[in-house]
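The primary structure of each chain is shown beneath.
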Amino acid sequence: MGATLTGRLAAVARSAAALAIATAIISIVLLALGASPLAVFGDLWRGAFGTWLAATDTLVKSTPLVFTGLAIAIAFQGALWNIGADGQLVMGALAAGAIGPALGGWHHPIAIAAMIAAGAAGGAFWGGLAGWLRARREVNEVISTIMLNFVAAQVLSWAVHGPLMEPSRSFPKSVVIAPAARLAFYLEPSRLNLGMLLALLLALGSQLGLFHSASGFELRALGRNRRASAFFGIPIARLTVGALALSGALAGVGGAVQVSAITHRLYETMSPGWGYEAIAVALVARLNPLAIVPAAILFGALDNGSQAMQRADAVSPVLVNVIQGMVIIILIAFDAAAARGMRAAFFGDADAAATANGEALEARDV
Amino acid sequence: MLAATAITRRFGRTLALDRVDFQAYPGEIHALVGENGAGKSTLINIFAGRLKPDRGAVTLDGAALAGGSAHAALQAGIAAVYQSPMLFERMSWEENLALGGFGAGTSRSDLAGAADRARILATRLGFSLPPAGATVERCSVGERVRLEILRALSFDPRVLILDEPTGVLAPAELDAFLYTLRRLRTEGRIVVIVTHKLAEAIAVADRITVLRQGRVAAVRLPTETNAAELARLMIGDVAASAMTADGPSPIVKRVAATPNVEHDAPALVVKNLILVNDGRRLLDDICVSVAAGEIAGVAGVDGNGQRELVEVMAGIRTPTSGGLRVAADRNAMAVIAQNRDLDGLILDLTLWENLLLARALRDRFARGGWLRRSRAKAFCTDVLDRYRIRSAGATSLAVALSGGNRQRLAVARALAGDPRVLVVHDVCRGLDLRATAEVHRRLREFAAAGGAVLLISSDLDELIALSTSLYVMTRGRLVAVAARDRDAERIGLLMSGAAHS
Amino acid sequence: MFEALLASTVAMATPILLAALGELIVERSGVLNIGIEGAMLVGAFCGLAATWFSGSIVLGLLAACAAAVALNALLALLVVNFAVNQVVAGTAIDILALGLTGVFYRQWFGVTGRAITIAPMRPIALGPLARIPWIGSALFAQSALVYLAFALVPIVALVISRTRYGLELRAAGERPEAADALGLGVYRLRWQALMIAGVLSGLAGAYLTMAYSNTFIEGISAGRGYVALSVVIVGRWNAWGVCAAALLFGAAIALQFGLQAFGTAIPYQFFLALPYALTLVVLAFMGGQADAPSALGEPYLRS
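Residues numbered from 1 in each chain as written. Chains lettered and ligands numbered in written order. Predicted model: local features only at pLDDT ≥ 70, side-chain atom pairs only at ≥ 80, totals over all residues.

Let's shift gears to the overall build of chain B. Within chain B, the secondary structure is distributed over 18 helices and 19 strands. By residue count, 51% of the 501 residues in chain B fall in the buried class. Of the contacts made within chain B by residues no fewer than 6 positions apart, 69% connect residues no fewer than 24 positions apart. (Helix = DSSP H or I, 4+ residues; strand = E, 2+ residues; numbered from the N terminus. Buried ≥ 20, exposed ≤ 12 C-beta atoms within 10 Å, placed from the backbone. Contact = placed C-beta atoms within 7 Å.)

Pasting the structure below:
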């Protein structure tokens, strides 16, 4: 795999094949549950794209996945395993939801900018914290980001039950944000909003940053060979904190957009697990920012359609979690098999693997 | 008898071994010589069971060897000791040996038993062992080699294969090693030694098989041949006439060092460099200064602080005290590390991206934070051309390069950044004679043009041929070698005089 | 009061300890198993479901172990045979487990608001020991699984550091190529470690639904699997350290309820977040990877 066209096409083919196999396995699971795969897939499709409203809603549901997917992709490119996009999104939402009510007298574009900035700051803080713990204290970022997820959930809960709670105190939700801070809907009754445009722009920006900037290069080098990167003076500590902060910021912006466009206030739960779903999105997209967009739409469609699926076929929408997990597993297994040959994959044969790679003889000497 | 018949083995498109026949008899020390890339390592990997031949068979005392499993080969009676260490560093040496054939119990008391059995064998072979309970991490390189040999012997093998065993031994340890080999011979074992040091092969072996480009070029008795002939057999007549087994061709002109550069300020100064780690002085008050046009050679057996010195020079290790000064800006020094696959190249990146790892080149092609991709790619294509690196182009991945070409790329990268100082560590390890000569030539040209080179190497021939000033590194200390002492034997004494035993 | 807290600490430490002991063995063999959380979850659910359908606690425990072992087998196939990235594989397993348990829970038991309950495992009082003042009932009147967990600590410690098997396991975690060259069988060792960890994780999950409480809620493991990961690190990869760390985090979780009962002005969310925040703080001071097995987390393909 590599920078060549055939390499890229092969990667896309692998993603497609993984999805196909996942579909097959899901069908079996559905049959075991007593549901009809055809009916379920039909309902999924109808729920996701059946009507104009459904289709736009699919796009709306995909937007947070673009933000978190980008967050994951950037972190993973540096081999920084950010499993905490959920917590970072929540902190971004929290920051936005906290200042939102106070933006009443502000000029609309400035208010929106303030919301976005708050989201980025909240998420960057949460991600940067994990980055700092990794860079300075050698704390495994998988554990720290997951722990921060739990902590963030409690901070949010405290906020909506306490200081930010709406005046009537009847339900755990925060004060509603000022109208100036809300992203408007276009083509009503659809919920299309400019946050989606922002997501696209950030995807573009991430692509540029990752592949056309010096820091992006250094991050990708770090993710592939830490020792060599250290040897050539790549600033590992700085990159670790920066990349995780940037990753958090992206997720945080996603949270802010959610608040600004969709929920207009904070609730006890702001994310149905987007941060984890984003891992599947990022892997399907091969960690490529531009490919995140179609991958996010795919999973957004699944999410949207799953509610129709629940109504029609009484299958729990949690099934999408199963799909996500399976897609990841199949994808990474495929990649391994492709890189090493099927036989090597099952029986472990580095020799055969080397042959499959056509490694020249001298490369194996010494 | 260990016999191989018509062994053939490919890697992708490369034919590593082509119908190779081989015989070794009990009570024989059999040397396998050849250039790097000739197939020596592949052949012994097949003997030791790590690789399977595509065609042909290996038999031991008539019984066929099922290939592909190191364990099966061990049980059949073939044990191998490789160049790269296979010991468990964090465990004690007793535990390491217990994992060999010495220990088979399930409680600590058997660990002591294993250690006892090991001691008996070691005494018989003339070895000394590390202190009780010492972890392998703390053992010297020489001790580690001996531990590995002990562990291999613990399986009581009929065949012992040693891959370049003397590379890490100081000259004084060689005698003890020879004694061990001869003892093994009297025990009736078969010893196969892989080496590229022809003089050693002639001195030690009972028979010598020469491999060239995957085929058996000849089998000789040491009494009826000499180093020159072996060299000729190894690399072919025409090429051999331009080179001898002792180093690069005398035809290559020694460029007189008359650079148009001021001599006053040395290009590289290392002053009172001390590195302490875990209570041990890894670098002990190192002082050296290298002038423009000078090639300062640092001789020494691996493990005496060379790696740490290189890491300090590369800036990834902070010394406890002291420091270094380079004449120009920070990009004026390029460092080529010993382990190119770990510290040199990023195999999953393209060739042009690998070039950009060098800070000097990154600065050049990443101005203002933005990568100038097309310019960098064009530059890479040019570099590939100039240094004759065989590849699939600037946008191909580094993993596809052969070992020799990878090293060429590393050298090209270091030089392409226009450095004033070059620090290289074992830069020609694993390269065949032709590639080695090429690298040596570039180093000489670099020095002639006013560059300064710090040449750290364990290859005495290379050091004697190239260095204008010579040092020996032992136990973290740097000792200057006077001009009159510059012969292999004397340097060897200096190296071993203070070396670990 | 103190006794209740101590009892709670020991009880809360138990699932973490069981899972962490399993993870210790696995990490010593060189594998970083992020999927503990998933294994605990399927153990919790399948244990409860099997008990509910069959009426037998023993069958429930067996089912819990079997389910967790099956999940770990999938992980083993991925990280040992296919040598994929262990973090990604483990996370995928967690997501998968969350989904599978959720789907099957709702399918079999419906979302009726009525929780599925079973008759839980009764605590077993160890005779006169249980009557010791201050600590008796806390330490010696606990569920059988608790005794098992703490009894395993010296056993695991012994096996790892003093037996031949432990030696081979550690070799696989230090330098798999060398271990394979010696014929130790790295794949076999890592698979075995993951299977053992599966049994332990299954028991850990079963404890949550069959002993400590008597029902299942989605996501009941609540991050304990990840805490177990931290426990191995803080315990410096040895069984006694793991035991101490598990008790520390058990205390943090127990404090959750204890301090809440005090009715302080501190909001309850603080206590809910306490174990996770504490994990972070402790790791910040003790999270160094210096004592980790050298080959931990690196995909290894045998030749």
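Don't stop here, the text continues.
Tallying secondary structure elements over chain A gives 15 helices and zero strands in all. In terms of C-alpha radius of gyration, chain A reaches 22 Å, essentially the compact-globule figure of 21 Å for 366 residues. Its C-alpha atoms give chain A principal-axis dimensions of roughly 75 × 55 × 35 Å. When burial is assessed residue by residue, chain A has 58% of its 366 residues classed as buried. Of all intrachain contacts in chain A linking residues separated by at least 6 positions in sequence, the fraction that spans at least 24 positions is 77%. (Rg over C-alpha atoms; globule rule 2.2 N^0.38 Å.)

Here we take up the interface of chain C and chain A. Across the contact, 43 residues belong to chain C and 43 residues belong to chain A. Of all the elements in the fold, those that place two or more residues in the side of chain C that touches chain A are helix 3 (57–81), helix 4 (86–109), helix 10 (224–234) and helix 12 (268–286) of chain C. Looking at side-chain class alone, the side of chain C that touches chain A contains 27 nonpolar, 14 polar and two charged residues. (Nonpolar A, V, L, I, M, F, W, Y, C, P; charged D, E, K, R; others polar.)

Before going further, it helps to spend a moment on the sheet that holds strand 3 (residues 28–33) of chain B. Residue and element names in this part refer to chain B. With mixed pairing, the six strands of this open sheet are ordered in space as 6-7-8-3-9-10. The sheet is open, and its two borders are formed by strand 6 (78–81) and strand 10 (215–220), each paired with just one other strand. Adjacent strand axes in the sheet meet at a mean angle of 20° when their direction is disregarded. In terms of strand pairing, strand 3 meets strand 9 (residues 207–212) through four bridges, oriented parallel. From the neighbouring strand, V33 faces strand 9, where its bridge partner is V210. (Pairing = 2+ DSSP bridges. Axes fitted to C-alpha atoms, helices over the stretch in contact; angles between N-to-C directions.)

The next point concerns the sheet that holds strand 2 (residues 14–24) of chain B. All names here are of chain B. Read from one edge of the open sheet, four strands run 2-1-4-5, paired in antiparallel fashion. Since the sheet does not close on itself, it has two edges, and those belong to strand 2 and strand 5 (63–64), each with one partner. In this structure, strand 1 (residues 2–11) lies alongside strand 2, joined through seven bridges in antiparallel fashion. Directly across from A3, in strand 2, lies its bridge partner Q23.

So, about the domain arrangement of chain B. The figure often quoted for interface size is the accessible area lost as the parts come together. All names here are of chain B. Segmentation of chain B into domains returns domain 1 (2–242), domain 2 (248–328 + 420–501) and domain 3 (344–417). On the side of domain 3, seven residues touch domain 2, which itself brings nine residues to the contact. The biggest single contributor to the side of domain 2 that touches domain 3 is helix 16 (residues 433–448), with four residues. By residue class, the composition of the side of domain 2 that touches domain 3 is six nonpolar, one polar and two charged. (Domains from an automatic or database assignment.)

All names here are of chain B. Of the strand pairs in this sheet, strand 11 (residues 268–277) and strand 12 (residues 280–290) are connected by seven bridges, and their pairing is antiparallel. Looking at strand 12, one finds that L268 is bridged to V290. Remark: two residues form the turn of the hairpin made by strand 11 and strand 12, two consecutive strands paired antiparallel; D278 in that turn has positive phi of roughly 60°. Of the pairings in the sheet, the one linking strand 11 to strand 14 (residues 321–326) comprises five bridges and is antiparallel in character. Among the inter-strand pairings, V269 is bridged to a residue of strand 14, identified as R325.

Another point: the interface of chain C and chain B. Contact residues are listed per partner, giving 16 residues for chain C and 18 residues for chain B. Where the side of chain C that touches chain B is concerned, the elements lending two or more residues are helix 7 (164–174) and helix 8 (176–181) of chain C. Of the residues that constitute the side of chain C that touches chain B, the class distribution is five nonpolar, four polar and seven charged.

Residues and elements named next belong to chain A. Most of helix 11 (residues 274–284) sits out of view: 11 of its 11 residues are buried. Along helix 11, the residues classified as buried are W274, G275, Y276, E277, A278, I279, A280, V281, A282, L283 and V284. Within two residues after helix 11, R286 carries a phi angle of roughly 55°, on the positive side.

What follows deals with the domain arrangement of chain A. Residues and elements named next belong to chain A. For chain A, the assigned domains are domain 1 (1–35 + 315–366) and domain 2 (58–305). Taking only C-alpha atoms into account, the centre of domain 1 sits 28 Å from that of domain 2. Counting from both sides, the interface comprises eight residues of domain 1 and, opposite them, eight residues of domain 2. Contributing elements (two or more residues each) for the side of domain 1 that touches domain 2: helix 1 (5–32) and helix 13 (319–340). Among the elements that make up the side of domain 1 that touches domain 2, the one with the highest residue count is helix 13 (six residues). Of the residues that constitute the side of domain 1 that touches domain 2, the class distribution is six nonpolar, two polar and no charged.

Residues and elements named next belong to chain B. In strand 15 (residues 333–336), alternate side chains face the same way, and those of M333 and V335 on one face and A334 and I336 on the other are all buried. With four bridges connecting them, strand 15 and strand 16 (residues 421–425) associate as parallel partners. The partner of A334 across the bridge, within strand 16, is L422.

Attention now moves to helix 3 (residues 52–77) of chain A. What sets the pattern is the α-helix's 3.6 residues per turn: residues three or four places apart point alike. All names here are of chain A. Between its first and last C-alpha, helix 3 extends 36 Å over 26 residues, near the 38 Å set by a 1.5 Å rise per residue. Residue S62 marks the point of greatest curvature in helix 3, where the axis turns by about 25°; the proline P64 follows within four residues. Counting buried positions along helix 3 gives 21 out of 26 residues, so the element sits mostly inside the fold. Of the residues flanking the end of helix 3, it is A79, one or two places downstream, whose phi is positive at about 55°. (Expected span 1.5 Å × (residues − 1). Bend = angle between axes of the 7 residues up to and from the residue.)

All names here are of chain C. Interhelical geometry of helix 2 (residues 36–54) versus helix 4 gives an angle of 20° and a closest axis separation of 8 Å. Between helix 2 and helix 4, the angle falls in the class roughly parallel. Along this stretch, helix 2 crosses helix 4, giving a crossing that reads as left-handed. Contacts between helix 2 and helix 4 involve E37, G38, L41, V42, F45 and A49 on the former and, on the latter, I93, D94, L96, A97, L98, L100, T101, Y105 and W108. Residues of the contact of helix 2 with helix 4, tallied by class, amount to 11 nonpolar, two polar and two charged. (Parallel < 35°, antiparallel > 145°, perpendicular 65-115°, else oblique. Left-handed = near helix turned anticlockwise from the far one by under 90°.)

Turning our eyes to something else, we now look at the environment of L78(C). Residues and elements named next belong to chain C. Along the chain, L78 falls in helix 3. L78 sits in the buried class, given 25 other C-beta atoms within 10 Å. Sequence separation between L78 and S161 is 83 residues, and the spatial gap between their C-alpha atoms is 28 Å.

To continue, consider the packing of helix 10 of chain C against helix 12 of chain C. Helix-helix packing: each pair is described by the crossing angle between the helix axes and the interaxial distance. Residue and element names in this part refer to chain C. Running from amino to carboxyl end, helix 10 crosses helix 12 at an angle of 25°, the nearest separation of the two axes being 10 Å. With respect to their mutual orientation, helix 10 and helix 12 come out roughly parallel. For the crossing formed where helix 10 meets helix 12, the hand is left-handed. Contact residues: helix 10 offers V227, S230, I233 and V234, while helix 12 offers P275, T279, V282, L283 and M286.

With that settled, the discussion passes to the confidence of the model for chain B. Looking at chain B as a whole, the pLDDT averages 80, with 87% of positions reaching at least 70. In the predicted assembly, ipTM is 0.88 and pTM is 0.86. (pLDDT = per-residue confidence, 0-100.)

That bond from E188(A) to P189(A) is cis: its omega, 10°, falls within 30 degrees of zero. Here P189(A) is to be found in the loop between helix 6 (141–161) and helix 7 (194–212). Even without glycine at this site, R388(B) takes up a positive phi of about 55°. Mapped onto the secondary structure, R388(B) falls in the loop between helix 14 (373–386) and helix 15 (403–416). Residue classification places R388(B) among the exposed residues on the basis of 11 C-beta atoms within 10 Å. We note that R236(C) has phi near 50°; this positive angle belongs to a residue other than glycine. Structurally, the position occupied by R236(C) is in the loop between helix 10 and helix 11 (239–262). Using a count of 16 C-beta atoms within 10 Å as the deciding quantity, one classes R236(C) as partly exposed.

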